[in-house]
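Take a look at the letters that make up each chain.
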Amino acid sequence: MCSRLIARVDSVCTHPVPMKFSVAFVMTLMLASVSMAQASVLFSTLERTLVVEAKIKEQEISSGIALAGVSHLVISWHLNESFPVSVGDKYVNVKLRLCYAPVSQIDRGWRKTNDDLHKDKTCTKGIAQQKYIFSGNSTTWRVTKDVPGAVYFVRAYAVDAEGNQLAFGQTTDKAKTANLITVLPISGRTGNIDIAAAIFSAFSVVSLTGFLGLESMRSKRTSK
Amino acid sequence: MAANSDFQEGNAKGEPVFQMTMETVGEKEATDLKGRKFALPVDSEHKAKTVRLYSVAAPHMRTFHLSWIAFMICFFSTFAAPPLMPVIRDNLGLTKVDIGNAGIASVAGAVVSRLLMGTICDLVGPRYGCAILMMITAPAIFCMPLVSTPVGFILVRFFIGFCLATFVSCQFWMSSMFNSKIVGIANGTAAGWGNMGGGIVQLVMPLVFDIIRRDIGSEKFTAWRIAFFVPGVLQVMMGLLVLTLGQDLPDGNYAELKREGEKVNDSFQKVFLYAVTNYRTYIFALTYGYCFGVELTVDNIIAEYFYDRFDLNLQTAGIIASTFGLMNLFSRPLGGVLSDVVAARWGMRGRLWNLWIIQTVGGILCIVLGLTGQLGPAIAVMLIFSFFVQAACGATFGVIPFISRRSLGIISGATGAGGNIGAVTTQGIFFMSSKYTTEDGIMLMGIMIVACTLPVIFVHFPQWGSMFCPPSKATEEDYYISEWSKEEQSNGLHHASMKFAENSKSERGRQSPLRSKEETVVVDGV
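Quick caveat: nothing in here was measured; it's all calculated off a predicted structure.

J.: Tell me about the interface of chain B and chain A, and name the residues and values.
T.: In this complex, chain B contributes 56 residues to the contact, which on the side of chain A involves 50 residues. With both chains or domains summed, chain B and chain A bury close to 4500 Å², and 73% of this area falls on carbon and sulfur atoms. Counting the surface chain B buries against chain A, the share from its top three residues, B:Leu146, B:Phe221 and B:Phe330, is 12%. One salt bridge connects A:Glu215 with B:Arg127, and the closest N-O pair in it is separated by 2.3 Å. Linking chain B with chain A are 12 residue pairs in polar contact (both at pLDDT 80 or more), by the criterion used here. Elements with a minimum of two residues in the side of chain B that touches chain A: helix H3 (85–92), helix H4 (96–124), helix H5 (126–143), helix H10 (220–227), helix H11 (229–245), helix H15 (292–309), helix H16 (314–326) and helix H18 (375–399) of chain B. A per-element tally of the side of chain B that touches chain A places H5(B) first, with nine residues. Residues that form the side of chain B that touches chain A fall into these classes: 35 nonpolar, 10 polar and 11 charged.

The following block contains the structure:
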């Protein structure tokens, strides 16, 4: 299929196809085939067997405002006591993820919730991965500087050895409205950037006016 | 006058367009204002008769290279944000509406600046026009690293977008430096290679971003800001090069020519009047909106489209998106070449048919692209679609130089502005809200392309005809002299247009030998 595609492009273009086009084709075909090969897990089929709690460490509260790059989240999880321990026989690891609350998903298709967990974009930020034990574990995580400003909750997926999700738990309710954490992001601007921008802008305008002035002076001299 | 007919016979022998050797036998050597000989063979207006891509000889080829590189860097700056959009939208908390507005803003500013640039080129010359614009918009690029709100983002993209008017100075410069027989290929190559900036940027910006993050160790939200210094610095450097190395016309700069009396100061009102009263201006502004406007729209949405619909990472989406713009390396020049090749046989009527066919096929392929759901086929369709859309742009500017000689600047500017209006409209209707998914938007855009290309059927030149109608008895001189009033003609202001009319007789194609023999006799008798 790859060679057919390349031959087709060759016949359209009169110049030979550059190397990078062929590479792009091969890469994307490989990606396409890989994504089609994996089976998809549906979120609606997962049971909520884990109990998850998250606290903003500096304030000792479970919902509020956290600062990116500064605040820490203390996340603890364990198997819900109302389930028998045997429920967790197939669980190998627990993946903790930071997920967008619905209010931060409005008008942003790249954060959309999809029942097919391969296509789901709700929980794109990974926090930690820990080995599963029924008595649970906890972790402290500093909110990294690349976390966008939005409203979040924490979800834990219990996964098997291949990484397929088997069960979950989350800090909020089913409607995802309670217990939410707001993260205030970093701006990304630094003092150096501000200064450099000012200097380069000034150079551009000054050198232009200088040049034009010089040319008009020169032409006045020759026309005299 | 005898020399003129010599020139014509020489041209009819089928001179190769891309030459490898200098021919000096049997041709009067032309000189510019300062008495220097030209490196390339020139016609009676001192415009070059060939394009030698490997040469940087002043003034023709040096201008060619300065012009397309300057335009390419402006394209680069205008579309520097889209490949980094996944990072920027997280940093600034943008919504789909904000991104849509910024995309529209980036091409909307150029609507006004392209119209103004046409006038500026007519009045002070393309060299000043191009350089001043580039260096005035560079501060806007340096403001992008300072942006922290969606409104700031939209405003900065709006101001950066003004520099897309260098397209007009580029086309104006090519039409002033190259003979009408090869104006299609000169315009197409310069503009096509310039448009490649929209493709190159999709590769370069993610790369620069990556290097800054890995090697300097900056945070994501700082790294994209530092990356923006690259287009800014390039633009300032290029502006300075254009000022120091560029030249307005084959004979010299506007200021020198005005002093020597070789260039006449034209009146803005007259130039403007002849542009707005020519109906062809409006038709081509509309059709250009649906080839170039579509190209701008796709430059804005394609990386995010592949990133979101096919779940690729930033670098991969950037590589695929870049191939769209990079096709310009040969697709837009080929559009111009096809226009010239078809004109040699069928004249202007051939150029019009060529344009209509290429653009309509592009529209059909756009519809197909929106309907394609698999990654591999989507890339293939996108590449073929990009070829036709960009070739249509090249073909359009094979026709524009013939609409008017006096108002070439304003008409080029109006067409270019039309391209941007098309981009603004298309993005506004189909890619702003969540009403249409991006793939539906692409399909509907294709339908609009086909519909808005139909007006080409109504373009009629009295001396050459139209798609469905043959020419009348009018001549090229009649058409071009009609732009000058009796008073202006008695003052001898129309001589440049007459030279152009003579050179444009090639647009009759190879079908009316009797008519041209008559003309040659008349010309000899003057």
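J.: Please provide a residue-by-residue account of the state of the cysteines, values included.
T.: A full pass over the atoms with the stated rule returns one disulfide over all chains. Here A:Cys99 engages in a disulfide with A:Cys123; their sulfurs sit 2.0 Å apart. Handedness here is read from the sign of the S-S torsion; for A:Cys99 and A:Cys123, about 105 degrees, the answer is right-handed. Of this pair, A:Cys99 sits in strand E5 (residues 93–100) while A:Cys123 sits in the loop between E5 and strand E6 (125–131); the two residues are 24 residues apart in sequence, bridging distant segments of the chain. The burial state of A:Cys99 is the same as that of A:Cys123; both residues are buried. Unpaired in this structure, B:Cys121 has its nearest cysteine sulfur neighbour in B:Cys130, at a distance of 8.4 Å. Given a relative accessible area of 0%, B:Cys121 falls into the buried group.

J.: How would you explain a nonpolar patch on the surface if you had to name every residue and give the values?
T.: All names here are of chain B. Taken together, the side chains of Phe-268, Phe-272, Leu-273, Val-276 and Tyr-282 present a nonpolar region at the surface, about 450 Å² in accessible area. Tallying contributions element by element places helix H13 (residues 268–276) first for the nonpolar patch, with four residues. Note on placement: Tyr-282 falls in helix H14 (residues 279–289). For Tyr-282, a relative accessible area of 49% corresponds to the partly exposed category.

J.: Give me the lowdown on the side chain of B:Asp299, citing residues and values where you can.
T.: Its location among the elements puts B:Asp299 in helix H15. We note that B:Asp299 is buried and unpaired, the nearest opposite charge coming from B:Arg157 at a distance of 9.1 Å.

Cut-offs applied
- Residues numbered from 1 in each chain as written.
- Chains lettered and ligands numbered in written order.
- Predicted model: local features only at pLDDT ≥ 70, side-chain atom pairs only at ≥ 80, totals over all residues.
- Heavy atoms only, no water.
- Contact = heavy atoms within 4.5 Å.
- Buried area = accessible area lost by both parts, 1.4 Å probe.
- Salt bridge = Lys/Arg side-chain N within 4 Å of Asp/Glu carboxyl O.
- Polar contact = N/O pair within 3.5 Å; in protein donor to acceptor, adjacent residues only side chain to side chain.
- Helix = DSSP H or I, 4+ residues; strand = E, 2+ residues; numbered from the N terminus.
- Nonpolar A, V, L, I, M, F, W, Y, C, P; charged D, E, K, R; others polar.
- Disulfide = S-S within 2.5 Å.
- Buried < 20%, exposed > 50% of the residue type's maximum accessible area, 1.4 Å probe, protein only.
- Patch = residues over 30% accessible without salt bridge, like charges linked within 9 Å, V, L, I, M, F, W, Y side chains within 5 Å.
- Areas by Shrake-Rupley, 256 points an atom, 1.4 Å probe, with all protein chains shown as cover.
- Lys, Arg positive; Asp, Glu negative; His and termini not counted.

Keep in mind these values describe shape, not function.
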